[in-house]
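Below, each chain spelled out in residue letters.
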Amino acid sequence: MKTNLLPNERCLPLYRTNPVWVTLSKWVLGFSLLLLFSCAQESKGFVLPEGDVESGKSAFVLMSCNQCHSVGDIEWKGVSSENTIHVPLGGEVTKLKSYGELVASIINPSHKIDRKYLNEPYASQGESKMLKFNDFMTVQDLVDLVTFLQGEYKLEGITDIKYYPVW
Ligand code: HEC
């Protein structure tokens, strides 16, 4: 019997010593963590009332969102000498923004910043340059804005896909 083992090494269970088990348990642990974190981001039971597209469009202009954004037929109204921020919203995208993502970009803009807007003039040190509206935006404004914005995004190329029969 070996004697140079540390006392607790002697009682290492099979799954800590057998390389197959070690690899397997790492995978299981990794996968469960992945599941756990992806679930933690989900806002279970978070449902906002229905919004109104037209009111959302008015709110967008009223709150001067178009100081930094253009969307659909609403043009960018930034004063170019002082403000070089122009982040176009809507249009053709490869992945649609979920309702939750849009809400988050409005009430918590620094939470997740698209890679292309991570630097000046759009953001600095991970902080979005987007104005904070939370102190005066009503929940109704938010709901209407999101409903309006959601309708402005279209999945790229979807309408162009044609399936021909192969004989
Ligand atoms: C002072 C400039 C500024 C104003 C005003 C502003 N935004 Fe933004 N907005 C930004 C910047 C910069 C980003 C990109 C960085 C980020 O994601 O926060 C952004 C990002 C967004 C995004 C996510 C876009 C994407 O593709 O990831 C949405 C949605 C959005 N803004 C909505 C609004 C709405 C609605 C308003 C008005 C209530 C508004 N913004 C007002 C600067 C502004």
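Above this text sits the structure in question.
My aim in this report is to walk through the structure given alongside it, one point at a time. (Residues numbered from 1 in each chain as written. Predicted model: local features only at pLDDT ≥ 70, side-chain atom pairs only at ≥ 80, totals over all residues.)

1. Here's the deal with helix α4 (residues 53-62)
Quick reminder: α-helices carry 3.6 residues per turn. Residues three or four places apart thus point the same way. Under the convention used in this document: Counting other C-beta atoms within 10 Å of a residue's C-beta gives its exposure: the residue is buried at 20 or more, exposed at 12 or fewer, and partly exposed in between, where C-beta atoms are placed from the backbone. Think of it this way: any DSSP run of H or I at least four residues long counts as a helix, any run of E at least two long counts as a strand, and we number them from the N terminus. What the arc covers is the set of directions going from the helix axis to the C-beta atoms. Here the contact rule is simple: place C-beta atoms from the backbone, and any two residues whose C-beta atoms are within 7 Å are in contact.
Along α4, the residues classified as buried are G56, K57, A59 and F60. Considered in projection along α4, the buried side chains sweep an arc of 160 degrees and stay on one side of the axis. Exposed residues on α4 whose side chains face more than 90 degrees from its buried face are E54, V61 and L62. Buried residues along α4 sit against α6 (139-150). S64 occupies a position one or two residues after α4 and carries a positive phi of about 60 degrees.

2. Focus on unusual backbone geometry
Cis geometry is found at the peptide bond from E120 to P121, where omega equals 0 degrees. With respect to the helices, strands and loops of the structure, P121 is situated in the loop between α5 (99-107) and β2 (123-124). With a phi close to 60 degrees, S64 is a non-glycine residue in the positive phi region. Relative to the assigned elements, S64 resides in the loop between α4 and β1 (91-93). Residue S64 is classed as partly exposed on the basis of its C-beta count, with 13 C-beta atoms lying within 10 Å. Positive phi, close to 50 degrees, is recorded for Q125, a residue that is not glycine. On the neighbour-count criterion, Q125 (7 C-beta atoms within 10 Å) is exposed.

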